[in-house]
Amino acid sequence: MPGFEFTRESEQTQPTVQTQLAHSADTPPASEPASPIEGDAPRSGVYYNPRLDPKNYLEGPLSSNPATRLRQMLARPGIVVAPGICDGISARCAIEAGFDCLYQSGAATTASRLGMPDVAIATLNDFVQSAEMVCGINPSMPVIADADTGFGGPAMVARTVTKYAKVGVAGLHIEDQVQTKRCGHLMGKQVVSREEFLQRIRAAVIARDSIPGGSDFVIIGRTDSAQVLGMEEATTRLKLAADAGADVCFIEGVKTADLLTSTIAALAPKPVLVNVISGGLTPSFTCQEAEALGAKIIIFSLVSCVAMVHAVREAMHLLKKTGTDFSSARGMDPKAFFKVVGLDEVIELDAQAGGAAFAQV
């Protein structure tokens with residue numbers, strides 16, 4: 001595959017897909033790599049793509065390419081805060097609030113698009129169609145998207161990466177749950193073997209590196225094994241995922257600040273993502289607390305859809321009780337609502353093109 005290599009002690013080679021997938025999942029990491037500021041130094045038997053070395057993203061203005069921009073944000077100081085969005089309205093509200101990265105939550109997308117729980121019901125097409133809409137709102141805004149298990153074996157994982165990248169997603173996370181997965185903050189989870197998890201990661205990396213022109217698409221390895229097999233196994237799985245080419249590590253359900261700190265230290269220098277869901281397994285860290293603990297990305301998966309449930313439920317109850325939507329509207333008329341979702345931009349574009357259809361609205 002173009003653009004990357006496995007390094008050996010005395011030579012560098014470009015392996016075939018078959019040789020990469022044959023790389024043993026049970027081989028422990030040889031040593032810790034260099035700091036991302038210095039660059040991820042090549043290590044024996046470990047994926048290394050010099051083009052994607054973090055040091056290449058330290059300088060210069062932020063790119064208009066969302067994947068490149070996300071890599072720049074990961075390489076530079078400061079935590080990346082990505083609020084979970086579930087539809088176009090929540091995405092618009094997040095952008096309006098000043099966030100510079102978005103997270104397309106699988107749970108939120110499943111609930112919003114299908115009205116169903118996060119228990120392996122949504123398909124690849126559901127997620128891709130939602131991502132295409134979200135990424136189209138602001139094409140330079142990095143969107144990190146949930147990809148569940150990759151929706152199948154290595155070939156399907158590769159197809160997932162290709163489709164996500166094609167619609168403008170900046171990065172995705174692939175997890176190690178079984179295909180009949182569930183939200184990471186529910187009980188009763190089951191996970192696949194180390195080797196099957198690593199096959200998913202390798203397939204994602206191969207697909208990314210096979211995109212013509214050289215893609216900066218970010219691969220995030222997620223493990224749900226902490227609640228099933230323990231923190232030691234979860235950390236080991238993420239170390240192996242990083243060696244297989246994952247750019248970021250995501251351990252779901254870290255239950256204490258001390259565990260998060262020790263996990264981050266064990267995985268250094270790989271960036272670590274923490275997922276905060278109010279009432280979930282992970283403490284409700286603030287952005288500042290997560291950054292102080294060493295996390296590089298923090299996502300709030302259900303922030304928009306839970307708020308939406310409360311707001312819509314209240315509005316419906318008020319309508320049922322009073323027979324009018326006057327109270328729940330809070331003075332927002334149709335024009336004000338359409339401004340939230342881009343009316344002014346449409347009017348401006350039409351006028352620039354010489355149109356007059358929206359001279360009065």
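A few points on the structure. All of these numbers come straight from a predicted model, not from anything done at the bench.

Further remarks concern the packing of aromatic side chains. Each aromatic ring pair is summarised here by two numbers: the centre-to-centre distance and the angle between the ring planes. Using the criterion set out here, one finds two aromatic pairs in the structure. Ring centres 5.7 Å apart and planes at 80° place the aromatic pair phenylalanine 127 and phenylalanine 151 in the edge-to-face group. A residue pair is termed long-range when its members are at least 10 positions apart, and phenylalanine 127 in helix H5 (residues 124–137) and phenylalanine 151 in the loop between strand E6 (143–146) and helix H6 (154–166) qualify at 24 residues. You'll find phenylalanine 127 and phenylalanine 151 in the same group, each marked buried. A centroid spacing of 5.5 Å and a plane angle of 55° characterise the contact between phenylalanine 337 and phenylalanine 338, whose relative ring orientation is tilted.

With six of its six residues buried, strand E4 (residues 80–85) lies for the most part within the structure. Side chains Val80, Ala82 and Gly84 of E4 all project onto a buried face; the interleaved residues Val81, Pro83 and Ile85 project onto the opposite face, where all are buried too. In this sheet, strand E11 (residues 297–300) lies alongside E4 in parallel orientation, the contact comprising four bridges. Opposite proline 83, over in E11, you have phenylalanine 300 as the bridge partner. Traced from E4 through helix H3 (residues 88–96) to strand E5 (residues 102–104), the parallel crossover comes out right-handed.

The next point concerns the packing of helix H4 (residues 106–114) against H5. For the pair H4 and H5, interaxial distance at closest approach is 10 Å and the crossing angle is 90°. Of the possible angle classes, the one that applies to H4 and H5 is roughly perpendicular. Two secondary-structure elements touch here, H4 through Gly106, Thr109, Thr110, Arg113 and Leu114 and H5 through Asp126, Phe127, Gln129 and Ser130. Here the residues of the contact of H4 with H5 sort into two nonpolar, five polar and two charged.

Further remarks concern unusual backbone geometry. Negative phi characterises most residues that are not glycine, and trans characterises most peptide bonds. For the peptide bond that leads from alanine 268 to proline 269, omega is 10°, which places it in the cis range. Positive phi is not limited to glycine here, since alanine 120 has a value of about 65°. Of note, alanine 120 is situated in the loop between H4 and H5. What makes alanine 120 partly exposed here is its relative accessible area of 32%. A positive phi angle is found at aspartate 148, which is not glycine, with a value near 50°. Since its relative accessible area comes to 4%, aspartate 148 is described here as buried.

Let us now look at the packing of helix H7 (residues 194–209) against helix H9 (residues 231–244). Viewed as axis vectors pointing N to C, H7 and H9 meet at an angle of 30°, and their least axial separation amounts to 9 Å. The angle between the axes of H7 and H9 places the two elements in the roughly parallel class. Once H7 is placed against H9, the crossing between them reads as right-handed. Residue-level contacts link Arg194, Phe197, Leu198, Ile201, Arg202 and Val205 of H7 to Glu233, Thr236, Arg237, Leu240, Ala241 and Ala244 of H9. Here the residues of the contact of H7 with H9 sort into seven nonpolar, one polar and four charged.

Another aspect to go through is the nonpolar core. The biggest cluster of nonpolar side chains holds 42 residues, and the ones touching the most others in it are Leu102, Val161, Tyr164, Val169, Leu172, Ile201 and Phe217. Secondary structure elements with two or more residues in this core: H3, H5, E6, H6, strand E7 (171–175), H7 and H9. The dominant element in this core, judged by the number of residues it contributes, is H7, at seven residues. Excluding anything up to four places from it in sequence, valine 169 contacts Ala131, Cys135, Val143, Ala145, Tyr164 and Phe217. Among the nonpolar cores identified, the runner-up in size contains 20 residues, and Ile264, Val272, Val274 and Phe285 belong to it.

So, on to the sheet that holds E11. In spatial order, the strands read E4-E5-E6-E7-E8-E9-E10-E11; together these eight strands close into a barrel with parallel pairing. This sheet shows a mean twist of 25° between the axes of neighbouring strands, independent of strand direction. With three bridges joining them, E5 and E6 adopt parallel strand pairing. Of the residues in E6, the one forming a bridge with leucine 102 is valine 143. Running at roughly 65° to E5, H4 makes contact with E4, E5 and E6 of the sheet. Helix-sheet contacts for H6 involve E6, E7 and strand E8 (218–223), and the interaxial angle to E7 is about 160°.

According to the stated counting rule, one finds zero disulfides in the structure shown. Considering cysteine sulfurs only, cysteine 86 is the nearest to cysteine 93, which forms no disulfide, with 9.8 Å between them. Left unpaired, cysteine 183 is separated from the closest cysteine sulfur, that of cysteine 305, by 9.8 Å. Judged by relative accessible area, cysteine 183 falls into the buried class, the value being 14%.

Criteria and thresholds
- Residues numbered from 1 in each chain as written.
- Predicted model: local features only at pLDDT ≥ 70, side-chain atom pairs only at ≥ 80, totals over all residues.
- Heavy atoms only, no water.
- Phe/Tyr/Trp six-rings, centres within 6.5 Å; stacked < 30°, edge-to-face > 60°.
- Helix = DSSP H or I, 4+ residues; strand = E, 2+ residues; numbered from the N terminus.
- Buried < 20%, exposed > 50% of the residue type's maximum accessible area, 1.4 Å probe, protein only.
- Pairing = 2+ DSSP bridges.
- Right-handed = clockwise from strand over helix to strand, strands pointing away.
- Axes fitted to C-alpha atoms, helices over the stretch in contact; angles between N-to-C directions.
- Parallel < 35°, antiparallel > 145°, perpendicular 65-115°, else oblique.
- Contact = heavy atoms within 4.5 Å.
- Nonpolar A, V, L, I, M, F, W, Y, C, P; charged D, E, K, R; others polar.
- Left-handed = near helix turned anticlockwise from the far one by under 90°.
- Core = buried A, V, L, I, M, F, W, Y, C linked by side-chain atoms within 4.5 Å.
- Disulfide = S-S within 2.5 Å.

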